[in-house]
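These are the residues of each chain, in order.
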Amino acid sequence: MTNNPGSLTIAQALEWGIQACSVLQETHSGAETQYTEQDAKIDTRVLLCEVLDVTTAYLFTWSDKTLTVAQVQQFVAWIKLRQTGQPVAYIIGKQAFYDSDFLVAPCTLIPRPETEVLVDLALEKLSVSSGPCLDLGTGTGAIGLSIAKAESAIQVTAVDFVEAAVELAKSNASRLRVANFEVFQSDWFTTVTGKFAVIVSNPPYVEPDSPYLQIGDIMHEPMTALTAADDGLADIKTIIAGAPEYLLKDGWLLLEHGQYQGPAIKDIFAENNFSHITTICDYAQQPRITYAQYQSI
């Protein structure tokens, strides 16, 4: 581990932080978790901006400005946390998603850019379907709140099994001043009432024995929000089987999933009498979202 620095200018802090974070290249290896010098630069800039409460542009405009003792101590402490693999979002307590910053905590997954595609798809379906939206397993509330914030006329209901996640989503709703959003505790549909034009979910879908869980930042995220039995499909099967009771006529169910699960999920949709079953790719062109329509009789 790199030694603690003394007095630092912004330029020196950036140089030290990037060098210190480079240790993650040893622990974050592999195709999906590879840590690069560019990652080290991004992490260091984000942490330093948060310590100084400035923008990235400030770091380069005032690169010769000297940090206070307290700022150096905070920056060093955060870099050391990052060296252990602690995700930057957990360190600073927030993560950008869609067009907002969301408070995050270790009780929930960190919102990821690829999930923004799920929000776009939900808004597309809601633009032609009349009715409210349900976000299952909301976590931080990022999906449901992004939908509600984008379309104030749509009432969004969100649920999560974890009480701490429900409280976090409430905090984000209050912080973002989103009025058309409610969240409460539920084990999927168990305490849900009413019917919805769109149901959206990013459920646990990783196989419990996946080697992906043993490398990179993901080791610090809650396993209950990541893994599911039955090759990662157990919760998805529960959601698809239960959704028809809570969908309005011609309503849509939208699911994020693993990049290799699309074919199996299409079969599960078909077995439960859904139609117009479609899989689309995320920003990285990986098949990551499958959705379908339920045409009730």
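Residues numbered from 1 in each chain as written. Predicted model: local features only at pLDDT ≥ 70, side-chain atom pairs only at ≥ 80, totals over all residues. Heavy atoms only, no water.

### Examining the environment of Thr-66
Here's step 1: Take Thr-66: it is sitting in the loop between α4 (56-61) and α5 (69-83).
Here's step 2: Sequence separation of Thr-66 and Gln-12 is 54 residues, and the distance between their C-alpha atoms is 9.1 Å.
Here's step 3: Residue contacts for Thr-66: discarding those within four places in its chain leaves Ser-7, Leu-8 and Thr-9. (Helix = DSSP H or I, 4+ residues; strand = E, 2+ residues; numbered from the N terminus. Contact = heavy atoms within 4.5 Å.)

### Comments concerning the packing of helix α7 (residues 116-126) against helix α8 (residues 142-150)
Between two packed helices, both the angle of their axes relative to each other and the distance between the axes serve to describe the pair.
Here's step 1: Close contact between α7 and α8 brings their axes to 10 Å; oriented N to C, the two are set at 45°. Classified by the angle between their axes, α7 and α8 sit oblique to one another. In terms of crossing hand, the pair formed by α7 and α8 is right-handed. On the side of α7, the interface is formed by Leu-118, Val-119, Ala-122, Leu-123 and Leu-126, while α8 contributes Ile-143, Ser-146, Ile-147 and Ala-150.
Here's step 2: When the residues that make up the contact of α7 with α8 are grouped by side-chain class, the tally is 8 nonpolar, 1 polar and no charged. (Axes fitted to C-alpha atoms, helices over the stretch in contact; angles between N-to-C directions. Parallel < 35°, antiparallel > 145°, perpendicular 65-115°, else oblique. Left-handed = near helix turned anticlockwise from the far one by under 90°. Nonpolar A, V, L, I, M, F, W, Y, C, P; charged D, E, K, R; others polar.)

### Observations regarding the environment of Pro-111
Here's step 1: Position of Pro-111 relative to the elements: it lies in the loop between β2 (100-103) and α7.
Here's step 2: A C-alpha to C-alpha distance of 9.5 Å links Pro-111 and Tyr-98, two positions 13 residues apart in sequence.
Here's step 3: Not counting the four nearest positions on each side in its chain, Pro-111 is found in contact with Gln-95, Phe-97, Val-104, Thr-140 and Ala-142.

### A short note on the pairing of strand β3 (residues 133-136)
Here's step 1: Burial of β3 is two-sided: the residues Cys-133 and Asp-135 facing one way and the residues Leu-134 and Leu-136 facing the other way are all buried.
Here's step 2: Two elements, β3 and strand β4 (residues 156-160), share 4 bridges in a ladder whose sense is parallel. Bridge pairing links Leu-136 to Val-159 in β4.
Here's step 3: In this fold, the crossover linking β3 to β4 by way of α8 has right-handed handedness.
Here's step 4: In terms of strand pairing, β3 meets strand β6 (residues 196-201) through 4 bridges, oriented parallel. Paired with Leu-134 across the bridge in β6 is Ile-199. (Buried < 20%, exposed > 50% of the residue type's maximum accessible area, 1.4 Å probe, protein only. Pairing = 2+ DSSP bridges. Right-handed = clockwise from strand over helix to strand, strands pointing away.)

### So, the side chain of Ser-186
Here's step 1: Inspection of the secondary structure puts Ser-186 in the loop between β5 (181-185) and β6.
Here's step 2: For Ser-186, a relative accessible area of 4% corresponds to the buried category.
Here's step 3: A distance of 2.7 Å separates the side chain of Ser-186 from the backbone oxygen of Trp-188, its partner in a polar contact.
Here's step 4: Within the structure, Ser-186 has its side chain in polar contact with the side chain of Thr-190 (distance 3.3 Å).
Here's step 5: If we ignore the near neighbours within four places in the chain, the residues touching Ser-186 are Val-159, Asp-160, Phe-161, Thr-191 and Val-192. (Polar contact = N/O pair within 3.5 Å; in protein donor to acceptor, adjacent residues only side chain to side chain.)

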